[in-house]
Every structure is written in structure tokens, then in C-alpha cells.
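# Structural features, examined
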2 protein chains.
Amino acid sequence: MSATEFSTDLRDLRFVLFEQLKLQERYANIEKYEDFDEEMLTAILQEAEKFATGVIAPINKDADRIGCVHHPDATVTTPPGFKEAYQALSDAGWLGMAASPDFGGMGLPLPMAISIGEMYTGACMAFTIYSGLTRSAASLLATWAPEEMTELYVPKMLSGEWLGTMCLTENAAGSDVPNCRTKAVPVEGEDRTYHLEGEKIFISGGEHDLGENIIHLVLARVPGAPAGYKGISIFVVPKYMVGSDGSLGARNGVQVVGIEEKMGIHGSATCTMAFGGGSTPCVGYRLGEEGEGLKIMFHMMNEARLSVGLQGLAGASAAYNNAVAYAKDRIQGRAVEKLLDSSAESVAIVCHPDVRRMLMTMKVYTETMRSFLLTTATRIDIAHNTDDAAEAERLMSIVELYTPIAKAHCSDIGFEVTRIAVQVYGGYGYIGEYPVEQLLRDTKIASIYEGTNGIQALDLLGRKMRAKDGQVFMAWMQETQVDLQQARDAGLGDMADALDKGVNTLGACAMHLAGLGMQGQLKGALLQASPFLTLFGTVLLGVHALRQAVVAKAKLAENAGDKFYAGKVRNAEFYMANILPQAVALSKGIRSGDESCLDDVLFS
Amino acid sequence: MSATEFSTDLRDLRFVLFEQLKLQERYANIEKYEDFDEEMLTAILQEAEKFATGVIAPINKDADRIGCVHHPDATVTTPPGFKEAYQALSDAGWLGMAASPDFGGMGLPLPMAISIGEMYTGACMAFTIYSGLTRSAASLLATWAPEEMTELYVPKMLSGEWLGTMCLTENAAGSDVPNCRTKAVPVEGEDRTYHLEGEKIFISGGEHDLGENIIHLVLARVPGAPAGYKGISIFVVPKYMVGSDGSLGARNGVQVVGIEEKMGIHGSATCTMAFGGGSTPCVGYRLGEEGEGLKIMFHMMNEARLSVGLQGLAGASAAYNNAVAYAKDRIQGRAVEKLLDSSAESVAIVCHPDVRRMLMTMKVYTETMRSFLLTTATRIDIAHNTDDAAEAERLMSIVELYTPIAKAHCSDIGFEVTRIAVQVYGGYGYIGEYPVEQLLRDTKIASIYEGTNGIQALDLLGRKMRAKDGQVFMAWMQETQVDLQQARDAGLGDMADALDKGVNTLGACAMHLAGLGMQGQLKGALLQASPFLTLFGTVLLGVHALRQAVVAKAKLAENAGDKFYAGKVRNAEFYMANILPQAVALSKGIRSGDESCLDDVLFS
């Protein structure tokens, strides 16, 4: 492992999947997964690791330095190596890893897809965005498109021939998606067929050279549609018209008009797209009924938001692995024991307490996020594959609660971990010769797109916490008692007590904010939405630190002295002592009743 | 004010300088400042504001997009407009604003120079680095160079003809400066003259096209010098040799061999410099005695570190002003009162509680950092201009204590404010069309150079807290009691009580860490150095929030309803309720005794 090369953490992925979540046991009863035993899943992870380090990581630097180029003829070229890597991705079957074998997919369980996604995103986030969006678009089509369209489009998207996009954002409709103004006028005499007109911005992969066709999923309004979200419909807009045999026809009236210069993910073409308005009309096919656009789009929201949280984790993991390698390599300064001996040999900076504190913060954040996201993915997977409808609903209700936290907290913490990595590298952290400044810039986007983190906080407080009159949250509180009890049984009572206080603090804050809401003090409550999400995330990652420590402690009994397991127990100790106390600080603010910033004297 | 244009906060600068610090009164007794009354100083600030917005800010975008270019003939060109702006800077006298009139300077008090520095740095940080280093180098020469050299060099540096650098860092001597390996061999028969050989990295302004000559101040070792800091001497190395009349002679043997690709400050040429080793020897003149290099270089450390803290403030201020303008402009989403009314008009995002929380966080951080840095600058200034040696020593001892906090906390918080600004802008925050992503990238360097923030924390805990057996810190604790009493007298008792607890928490942590030190548990103590610095900074900015509220409350009695003053009281309320509680969280970690991350099982 070197301080400039990408590396994965396969040991930890395997720990979470097979020792903590015990997928091999859970999947034994699910027919479609019955062939996936631990050995096979491990072999797949090892192949994915090879692909991440051997094929994807090598294109990451050019992705950043060269980026995408928008040409005068309304084409966009991706950075060197992207096309070949995309081809390799589909050739090796990774594009369809989680898709059904019916469409030529590998049918991997979701936690496996998330694990592999972490590796690929960490290797080159900009590159992985194209395949992620294509998978999402294909999955949406598979659910909502007419059968003949699904059969034509989906296999081509999963084979890498065609790619996909999601076109939601407009200049005046960013966080406020229902304010969308793109128009869709029905074409007389043609079923589900419309002409679209409007402009969308921030469209990832709106135009590029990775495949033969691009399938845009576009939100627009039909004439006379009501204001707000009920007036939004969703349309399939191919770049090239598609014949009934899947052959490509004429160019459709959709075109890139510019790409953004961004802080990071330079290899991902962020396009402004013009629909219609030129000499060629822009033809779109409606999915679902008129007015169902947001319902259909939001159908895949949980997984999309989980994927963005995953980008936070992936950036964190890459940054952490790099920082550890750097800290072990870099000789600078004397050991604490010999601080005053100017003739003492210099040591690797990994020996310095301040550096170890930074590395440990990165380690525990990265590993607890990984545990949290893979646990959430497993819940989704089990829910989708059980015959027990009540259990499925219970699992999914907690997934819904977790979704804004997974998206926002993991993207915030992911960014924070990359920031710490820059500090570990010192001056070298600020220069492009080393990888961490790019990781910081790339990772920043995750706190913004797919609903800003502020929007996630409103979703958590205003919608998810209130789900089923708060019963979902209460169920979560009870669930954590199981973790606490297991920790106490394992002799980790002190940590369990600390976390118990954190959980209670979270509960008290939830009650306080619910009380404000019931008294009609909505502004005061919403003011605390973001701190509340951070509080929840802080406690939740603490739960995962403890849960992993319990598993590791049991393993240590059989593997005395094993550094990996011992490190997991250290993780939890560090988290409870140094990070969890932030919960107290947040709760003080949340419950302070302070509304100073709402005063009209400000920002006027 | 627009969301894309740079703007300053002159109202707040004037509040700090004239209402809070009352410079006009303090300076009435200092002979060299007696001409500077409030009216004159205000006029100078207004001129500086015009210069910042009219001359410097316009070059900032190209500074980032085009940056510096290193050519094959070992020259470096700065971005478009830099040369003209640098000329304008010197023509208008700003280059010598704080320098003595003996050298053609304006002789402005230090807090004025810091105020103007904030504006210029916020307008274009990369540009301002050249002048800052030149001023520092000139100031060092004025103190340490032989008279004839001072008279030749300093006026040319303050007139913009020549520029200056500081050459400390080497590949194996970053944070560990005393490990410097550049050699300086005495030239026989010539007084103070040496031939240098070695390579320095990360040299800001090492080569460029802004002036006729560049004066490098270089750390190197003479043959037989002892190991460590006592073996370091300092040398003046001009790019072109200087005749006794100040005329330029032959090229000296110093040359740029590369510039860094960086995350930000692209307009600042970060050079790798080769001294000697070619056909032309590299001639250097020693300042002071052999072995005095670090003493001489560190002579200006306080101001240099204050300047880096100022970069944090400047980035924060620019980001905050931009974000407020954007939040007032950007229409998106419905008002909280009409959340459920889908026909309601959209409002400016400044109305949304979550956005107001972000803006308020930025506001109070920016304004308290400004208060802190200008207060510190005033102390330095008074200390340098009083006949009362005991008072001067008292003032400077607190300045020494503050210095690592000013550098590290203000650079960390400055970065955090730019991060929040990106969130306020949402998707637009991530693209280069708007200014905040550049501010984030530019500001990041401040936490790294001039001693990383980790090094600052070690300086605070290991050196400054122990100064005079802890008496300096104790004196600071007592000083805050004056602020608390004034706040109670002003009817701000609740806030004073909250802050009092914070101060006591800080004191308890200081005692705890001192105790560890005395017991020889050095590693455990150093582990908490960074959290301790953050804790100190958190409490200190709270003191400034409260102090400003006291001043503003008195003003409100005469100016009922004044929004600016009312906003200052709100600042303090917000800080005590939402930010100060972090002190509790930090203190829990600091006093936890947790040393989990020191375990050898980790990072091995």
C-alpha cells in the first residue's frame, strides 16, 4: 500500500458482511441467493477489488486533471481511459451486478453491490457516477416502463451500450423540485407520446462518449397540470430515437448546451440540457400516469440517497487508507520519549499522538459508516425477499428513517474524514501529486446533490420522525437496547452506559422538537433540524461502533492478540470517549429554545 | 452586493476598531500615531475598500482558473492582471502601509494593517500572499540586516520593485524545520558571504514576474554546525546580485525547478527552488551570527501566524458576505408558515430557518474572529509603543498565548465557514461560476502552512500554556472575569454565566493536562493538544461575542432599533446557545483519559 495509490479495505468489508451481518446465514433461506455462500461472495469481492485497483483507480488522476470537454458541435468527451474502463465494467458484468439475471444481471445481493460500489467509487468517483445513474434509470424502467420498452432498453443499459440520466433540476427548481417548468405537450394520436420543451441543469452524464445512446428520464408538466408535485409527470427521452427492434434512429431534439466547471468530480459531465426549442422536436414517452412523476422518481429515492451516503464512505475509506500509508512512510520529528534529545533519530509520523488521534478519528468514522450503510442495505434486501409482510414493513420503516441520515451524515462525515486526511499529509495534502485533496473536492458534492443535507434534515424531522406517530423512532430506540444489553453481556458495560445516555439524549431532543411542533412553533423546530440529524447520526454511528466491538470481543476470545479485532474494540472506546460527547453539545443547542437567528434585524 | 461579487464588511471593521477597541483614544497618546484620528483612519479604510473591490477582486477568478505557469526557461508567469495590480498596490502606498515612514511607509497602526489585510486577502488571497511575504522579509531585513543592506533593499521591497520570500521547508524538513540540510559554505576572505547548496520546497513566490528582483531569506547549515535548531543560520539570497548602488548585476545561482499543482491559491507560485549545484554558485549573505537562523526567523513568527489566522478570517468574511447576498436573492421553496399551501409564492431562501442557522453560524464566527484578531493586533501595537516595560511584557505574554490559537482556530473556523457557504449555495456552491468553492479551496492552505494546526496545538500546550509556570494563562482567566462582570452589569448575566462555565471548563482541562505532564504521561497529554486548542478557541471566540454584545447593548440604549447593534446581541445569544456547548463535549474527551489510539495494535 502506498500513500499515493488507491487501496480498499477488504478485511473490514468481509468482517461486516460475514462476521457482523452474517449474510451467508441470512441468505441461506432466500432462494435467489442460495448459491452465494461466503466463499463465492468473497471471491467476487476479491475480483471487484482487482478491478477497482487495476482498472478504475488508474483513470482517477486524469479524470480530475483533464476532466470532461464540451465541444462546439454539442458533443462531450470524457477523460482518457473512461471509455475503455466503462467497456471493461460491462464486459466483466459489474454494470449489472445487482440486476436480475432476467436482464443479464448477476443478481448480487444489495450489500454486495454496496460493498463493490464503495470500492469503485473510492477508486474514481466521477467514473462511477455514470454507471450508478444508468443502473438507477434501468431499474426505474424495469419497474415502470411498458414491457416492450423494458425488454428493449434495460438489457442495452446493463450491457453498457446505452447509458441513463435523471433530469430533475432546473434553474428555479433545485431543492424545490415540484416547481419544475419544463413542458410536455401530448402528440395527438400517439399513445403516451409528448413533445418536451424546457431546460434542465446539473444533469450528470447528460452528454458524453461512453455509449451509443443516452436514455434521459425527465420530469415535466403537461398543459393544465396542477401546481406543485401533483402536476409533475415523468418521461423517457432517448438521445437517439429507438426503433422497435432496438436499432437507433434519428437524433431526438435534446442537446447539451454547456457543462459546469466544478470543484471536483471533473470526470463527471454535469450538463445543462435543452429539450426541444430547436428545429427537431424533443420526443418523450410518459411513464405511469400524468401526475405520477415524483411518485415514480421517488420510488428509487432510498437507494439513490443510500448511494450518495456511500460516496461519503468511499471518499472516507480511500482517504483513510492513503493517510495510514502516508503516516507510516513519512519520517518527521522525534518520538515523544525523545522530544528533548536533538540527536535522536526522526520517526514515522504515525508515532506522533496528534497524528494517531487523526488516524483513529478517520478509522472509526469510516468503519462505523461502512457498518451502518451495509446494515441498511441488508435490511432493504431482506425486506424485498421475505414472505413476511409485517417484517418487511418493519424493516423498511427503519430504512426510511435511516435514509436521510445515511445520505447527510455519511456525506458530511465523509468530507470531514477527507479534511483530516489533508491535515495528516500536511503540505503534501494540499498538492495534486498526492490523492487526498482530490478526494476532498470530489467528496464535497455528496452533501449537496440528491437533496442537500439541509433538505435531508427537514425530511428526517418533518417526515420520518413523525412516521406512524413516532412509532418507528420508538421502535428504533428499543432496538438499540438489544445492542446495549449485548454489550453489557460482553463486558463492555461502560461503553454501553455512555451510549445509553446518548440514546436518551436523542430521545429527549426528539420529544422536545415534537413538542415544539405540536405547539405550532414550527420555525423553532425546523431551526434544529440539521443539528438533530447530526445528533442522530452521531448516536447511530456510536451504536455501530459498539455493535462491532461486541462481535470483535467474541472473536478475540478465539483469536487472542488479533490486531484487527482488538482495533474494533479500540474504535468503540475512542468513539465513546471522544466523539459521542458531541451529542451532549448538540442536544444543548437543540433544547436551548434559542431562536436568535430568526430575528428580522438579521440579514435584511 | 451580489452573490458573485466580493464585498467587505466595513461597518463591522469600524465597530471593532472605533467602538470596541477605541483605537482613536488609545492612539491619542502615541506620538507616531497622533495624526490618525477616527476620521482619517475611516477614510483610509474606505480607500482600501475601493482598492480591494476595484483592483484586487477583479483578478481573483483568473488567478484561480489560469494560475501561475512555469516555463521551460525557468521563469514563472503570474495570472493576468497580477503585475498591474501589484504595481497599483505599491503606487497607492499599500505595500508599505505598516512600514515606517523612514522607508517610505505609511506607518499605519497594526490593527489598521490587519483590517486592510483582511479586505485584500478576501479579495484575492493568492495575490496578497506576494505582498505579505515581501513585507515580512523587508521587516526582517530592517531588524537584522547591516545598515547599508537595509537602506538598499528595504525601500525597493516596499516600493514594489523587489519582492521577498522565506525559504524554510525542505522535503525532509517540513514541520521539523531544524532538520534542514541545505549547506552554506563560507567564501574565504569575504565577510558574511557563503555559497549555498540545497533544495527548498513549497516556497511561495520563489519565482514570478511581479518585480525586478527577488530577495530570498534562506535557512541553511554551515559546515560543522551542531544538529538541531542551534545549527541553523539564515542567509539573504538575491535572485540578481545587487551592486553597492542598488543596481542589479548578474544572475545568482538560485533557480526555480518546478511549481506545485495545488487545491487552491493557484495564483500564488509555490516553487521548488534549487540553490547552487549548477555552473553559477549561489551567493548568500548571513544575517546575525551563525546558529541564529531560527531565532531570527521566529522573531516574526507572531505576526506571520496572525496573518495566517487572518487568511481564515478573510475567507470566512468573503464567504459570509457572498452567502448572505445569495440567500437574499435566491427564490426557492415556500415560507414555513405556508409549507402546506402548494399555491403559495416561493420566497428567498434567507427566510428558511435552516439557512438562517447557517448564515448566523457564519456571521458570529466571522465577527468574533475579526474581534479576536484585531484585539490581538492592538495588543502587539500598544506593547511596541509603550514606555511601560512591564505592561508591554504583560501584553506580549498574552499575545504569545493567543498566537497558536489565532493561527489554528481561525484557519479551521475560516475553512468551516467557507464549507457552510457552499451548503447555502447548494448546487451553485459547487461550481466555479460562483465564488464560494474557490474560497473553500483557497482557505484550506491556512490550516497547513506556517506550522500545521497540529503543530500549533503542540506549541500552545507544550510551550505557551507552560509559560511563566502557567501564570500567563491564569492572568488570561482573570482577564475574562472583567468581561463577565461587564456583561452582568449590562444585564447579560445569563450569557455571562454560560461563558463562565466554559472558562472554568477550559481551566479544568488545562489543570488536567498539566497534571498528566507532571506525572510524565506526556503522550496522553499531547494526544489532547488539538482538542484543547479547539476548546480554547471556542471559549475565546465566546468571550469576543459577549464583549461585542456588551458594547452593542450600550449603543442600543442610544440607538434603539439599530439592526447592526441588535445583531451583535443576537450573535452572543446564538453563540452561547449553539456553539459554546461544544466546549463541554471537548472537555469530556480531553479529560476522559482515553488513550485507545496509542495502542500498538493500530496502524501497524
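The rules behind these values
Residue numbers run consecutively from 1 along every chain, following the written order of its sequence. The lettering of chains begins at A and the numbering of ligands begins at 1, in the order of writing. Where totals are concerned, whole chains, interfaces and linings use all residues; where local detail is concerned, this predicted model gives features only for residues with pLDDT of at least 70, and gives and counts side-chain atom pairs only at 80 or more. For the purposes of this entry, the term helix denotes a DSSP run of H or I that reaches at least four residues, the term strand denotes a run of E that reaches at least two, and both are numbered from the N terminus. With the radius of gyration taken over C-alpha atoms, the globule rule is written as 2.2 Å times the number of residues to the power 0.38. Three exposure classes are used. Buried residues have 20 or more other C-beta atoms within 10 Å of their own C-beta, exposed residues have 12 or fewer, and partly exposed residues fall in between, all C-beta atoms being placed from the backbone. Residues are scored as being in contact if the C-beta atoms we place from backbone atoms lie within 7 Å. Strand pairing is assigned whenever DSSP identifies at least 2 bridges connecting the two strands. All copies are superposed by least squares; the fitting set is the C-alpha atoms of residues with a pLDDT of at least 70 in both. Classification used: nonpolar for Ala, Val, Leu, Ile, Met, Phe, Trp, Tyr, Cys and Pro, charged for Asp, Glu, Lys and Arg, polar for all others including Gly. Confidence scores per residue from the predictor, reported as pLDDT, run from 0 to 100. To count as a nonpolar core, a set of buried Ala, Val, Leu, Ile, Met, Phe, Trp, Tyr and Cys residues must be joined through C-beta atoms within 7 Å. Note on geometry: axes are lines fitted to C-alpha atoms, helical ones only across the stretch in contact, with angles between N-to-C directions running from 0 to 180 degrees. By the definition adopted for this analysis, an angle is roughly parallel if under 35 degrees, roughly antiparallel if over 145, roughly perpendicular if from 65 to 115, and oblique otherwise. By the definition used in this description, the sense in which the near helix is turned from the far one sets the handedness, with an anticlockwise turn below a right angle giving left-handed and a clockwise turn giving right-handed. Expected span of a helix: the number of residues minus one, times 1.5 Å. The directions from the helix axis to the C-beta atoms form the arc being described.

## Quick word on the overall build of chain A
- Regarding its fold elements, chain A presents 20 helices and 14 strands.
- For 604 residues, the compact-globule estimate of 2.2 N^0.38 gives 25 Å, and chain A sits close to it at 25 Å.
- In terms of principal-axis extent, the alpha carbons of chain A reach across some 80 × 60 × 60 Å.
- Across the 604 residues that make up chain A, the buried fraction comes to 60%.
- Pairs at least 24 apart in sequence give 73% of the contacts found in chain A among residues at least 6 apart.

## A short note on the pairing of strand S12 (residues 282-287) of chain A
Residues and elements named next belong to chain A.
- With respect to burial, S12 is a largely interior element, five of its six residues being buried.
- Pairing analysis gives three bridges linking strand S7 (residues 232-238) to S12, with the strands arranged antiparallel. Pairing of Phe235 across the sheet is with Arg286, part of S12.

## Some points on the relation of the copies chain B and chain A
- When chain B is fitted onto chain A, the two copies agree to an RMSD of 0.0 Å after a turn of 180° and an axial shift of 0.0 Å. Taken together, these values place the two copies in the relation of a two-fold axis. Relative to the rotation axis, the closest C-alpha in chain B is found at B:Ala585, a distance of 2.9 Å.
- Most of the interface of chain B is mirrored in chain A, where 100% of its interface residues again form contacts.

## Examining the interface of chain B and chain A
- Of the residues lining the interface, 78 residues belong to chain B; the matching set on chain A comes to 78 residues.
- Here the element with the most residues in the side of chain B that touches chain A is helix H19 (residues 563-579) of chain B; it accounts for eight residues.
- Residues that form the side of chain B that touches chain A fall into these classes: 33 nonpolar, 27 polar and 18 charged.

## Quick word on the confidence of the model for chain A
- Averaged over chain A, the pLDDT score is 96; the fraction of residues at 70 or greater is 100%.
- Complex prediction metrics read pTM 0.98 and ipTM 0.97.

## Observations concerning the nonpolar core
- The biggest cluster of nonpolar side chains holds 419 residues, and the ones touching the most others in it are A:Ala421, B:Ala323 and B:Ala421.
- Apart from the residues within four sequence positions on either side, B:Ala323 is in contact with B:Leu359, B:Met362, B:Ala421, B:Val424, B:Tyr425 and B:Val436.

## As for the packing of helix H6 (residues 110-123) of chain B against helix H10 (residues 301-329) of chain B
All names here are of chain B.
- With their axes 8 Å apart at the nearest point, H6 and H10 run at an angle of 55° to one another. Classified by the angle their axes make, H6 and H10 are oblique. Considering only the axes of H6 and H10, their crossing is right-handed. Between H6 and H10, the contacting residues are Ile114, Gly117, Glu118, Thr121 and Gly122 on the first element and Ser307, Leu310, Gln311, Leu313, Ala314, Gly315, Ser317 and Ala318 on the second.
- Across the contact of H6 with H10, the residue classes break down as five nonpolar, seven polar and one charged.

## Focus on the environment of B:Tyr320
Residues and elements named next belong to chain B.
- Looking at where Tyr320 falls in the secondary structure, it is placed in helix H10.
- Take Tyr320: there are 29 C-beta atoms within 10 Å of it, and that puts it in the buried class.
- Tyr320 has contacts with Met362, Lys363, Thr366, Val417 and Ala421, leaving out every residue within four places of it along the chain.

## Focus on the environment of B:Leu306
Residue and element names in this part refer to chain B.
- For Leu306, the position within the fold is in helix H10.
- Exposure remark for Leu306: the 23 C-beta atoms within 10 Å place this residue in the buried category.
- Remark: the alpha-carbon pair of Leu306 and Leu340, spanning 34 residues in sequence, is separated by 50 Å.
- The contacts of Leu306, once residues within four sequence positions are left out, are Leu373, Thr376, Ala377, Thr403 and Ala406.

## Overview of helix H3 (residues 38-56) of chain A
Residues and elements named next belong to chain A.
- Over its 19 residues, H3 runs 25 Å from end to end, which matches the ideal 27 Å to within 8%, given 1.5 Å per residue.
- Among the residues of H3, those classed as buried are Leu41, Leu45, Ala48, Phe51, Ala52, Val55 and Ile56. Projected down its long axis, H3 shows its buried positions confined to an angular sector of 130°, all on one face. Seen from the buried face of H3, the exposed residues on the opposite side, beyond 90 degrees, are Glu39, Ala43 and Gly54.
- Turning to H3, the residues buried within the fold contact helix H1 (10-20), helix H2 (23-26), helix H5 (82-91), helix H6 (110-123) and helix H7 (125-144).

## Regarding the environment of A:Thr53
Residues and elements named next belong to chain A.
- Counting through the fold element by element, Thr53 comes out in helix H3.
- Looking at Thr53, the number of C-beta atoms within 10 Å reads 17, which means it is partly exposed.
- Note: C-alpha distance between Thr53 and Tyr120 (67 residues apart in sequence) is 8.5 Å.
- Setting aside residues no more than four positions away along its own chain, Thr53 makes contact with Phe6, Ser7 and Ala123.

## A few points about unusual backbone geometry
Residues and elements named next belong to chain A.
- The phi dihedral of Ile265 is positive, around 35°, even though this residue is not glycine.
- In this structure, Ile265 sits in the loop between strand S10 (254-259) and strand S11 (270-275).
- Its 30 C-beta neighbours within 10 Å are what place Ile265 among the buried residues.
- The backbone phi angle of Glu450 is positive, close to 60°, even though this residue is not glycine.
- Its place among the elements puts Glu450 in the loop between helix H13 (436-444) and helix H14 (453-464).
- Residue Glu450 is classed as buried on the basis of its 23 C-beta neighbours within 10 Å.

## A word on the pairing of strand S5 (residues 193-204) of chain A
All names here are of chain A.
- As judged from the four bridges shared by strand S4 (residues 183-186) and S5, these two strands associate in the antiparallel manner. What sits directly across from Lys183, in S5, is Glu197.
- The antiparallel pairing of S4 with S5 creates a hairpin that spans six residues between the two strands, and Gly189 there sits at a positive phi of about 80°.
- Pairing geometry for S5 and S12, over four bridges, is antiparallel. Across the sheet, residue His195 finds its bridge partner in S12, namely Val283.

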